[in-house]
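Working through the structure, step by step
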Amino acid sequence: MLDFKRILEEIAEKYDCKIWISEKIGKRWSFYRDLKAGREKFLPAELLVENKRFGVFAEDFPEDKKDEVIPLLKKILDKLE
């Protein structure tokens, strides 16, 4: 299994954001395991990518850099399925 936590930490450091993976439970989202990285900025969370069961959220992720990470994040979510 890939080290998803390490990947999230690298993304958080590179883009100076907070990023985490959540799992859908009914109509709600819940943090999934300890898959989060970055420091809390108390800004609105944005859903970057999702599949049927999981989603990746971020705070303060640069809009113009999303295309750089979305393919990697999709692969992570596919492996969690």
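Now for a look at the structure at hand.

Calculation notes
For every chain, the first residue of its written sequence is number 1, and the numbers climb from 1 along that sequence. Residue-level local features of this predicted model are given only where pLDDT is at least 70; pairs of side-chain atoms are given and counted only at 80 or more, and the full residue set underlies all totals for whole chains, interfaces and linings. Side-chain figures throughout are based on the complete set of non-hydrogen atoms in the structure, without hydrogens or water. For the purposes of this entry, the term helix denotes a DSSP run of H or I that reaches at least four residues, the term strand denotes a run of E that reaches at least two, and both are numbered from the N terminus. For the radius of gyration, the atom set is restricted to C-alpha positions; the globular benchmark scales as 2.2 Å times the number of residues to the power 0.38. Accessible area is worked out with a 1.4 Å probe on protein chains only. A residue is then buried under 20% of its type maximum, exposed over 50%, and partly exposed in between. Residue contacts are counted whenever heavy atoms from the two residues lie within 4.5 Å of one another. The rule for a salt bridge is simple: a side-chain nitrogen of Lys or Arg has to be within 4 Å of a carboxyl oxygen of Asp or Glu. In these notes, a set of buried Ala, Val, Leu, Ile, Met, Phe, Trp, Tyr and Cys residues joined through side-chain atoms within 4.5 Å is what counts as a nonpolar core.

1. Digging into the overall build of the chain
When helices and strands are tallied, the chain shows two helices and four strands. The order of helices and strands in the chain, counted from the N terminus, is α-β-β-β-β-α. The C-alpha radius of gyration computed for the chain amounts to 12 Å, which stays within 12% of the reference 12 Å derived for 81 residues, consistent with globular compactness. In terms of principal-axis extent, the alpha carbons of the chain reach across some 30 × 25 × 20 Å. Looking at the chain residue by residue over its 81 residues, the buried ones come to 42%. Considering only contacts in the chain between residues 6 or more positions apart, those separated by 24 or more positions represent 56%.

2. Some remarks on the pattern of salt bridges
Scanning the model with the defined rule gives ten salt bridges in all. Lys-66 serves as the salt-bridge partner of Glu-63, at 2.9 Å between the closest nitrogen and oxygen. Using a relative accessible area of 58% as the deciding quantity, one classes Glu-63 as exposed. On the basis of relative accessibility, which here comes to 10%, the residue Lys-66 falls in the buried class. Here the salt bridges do not stand alone but share partners, grouping Asp-16, Lys-41 and Asp-60 into one network.

3. Brief notes about the nonpolar core
Counting residues in hydrophobic clusters, the biggest one holds 24 residues, and the most contacted among them are Ile-11, Ile-19, Ile-21, Val-56, Phe-61, Leu-73 and Leu-80. Within the residue set of this core, elements represented by two or more residues are α1 (4-15), β1 (18-25), β2 (28-37), β3 (46-50), β4 (54-59) and α2 (66-80). If we ignore the near neighbours within four places in the chain, the residues touching Ile-19 are Leu-8, Ile-11, Ala-12, Leu-35, Lys-36, Ala-37, Leu-48, Val-56, Phe-57, Ala-58 and Leu-73.

Keep in mind these numbers describe shape, not what the thing actually does.
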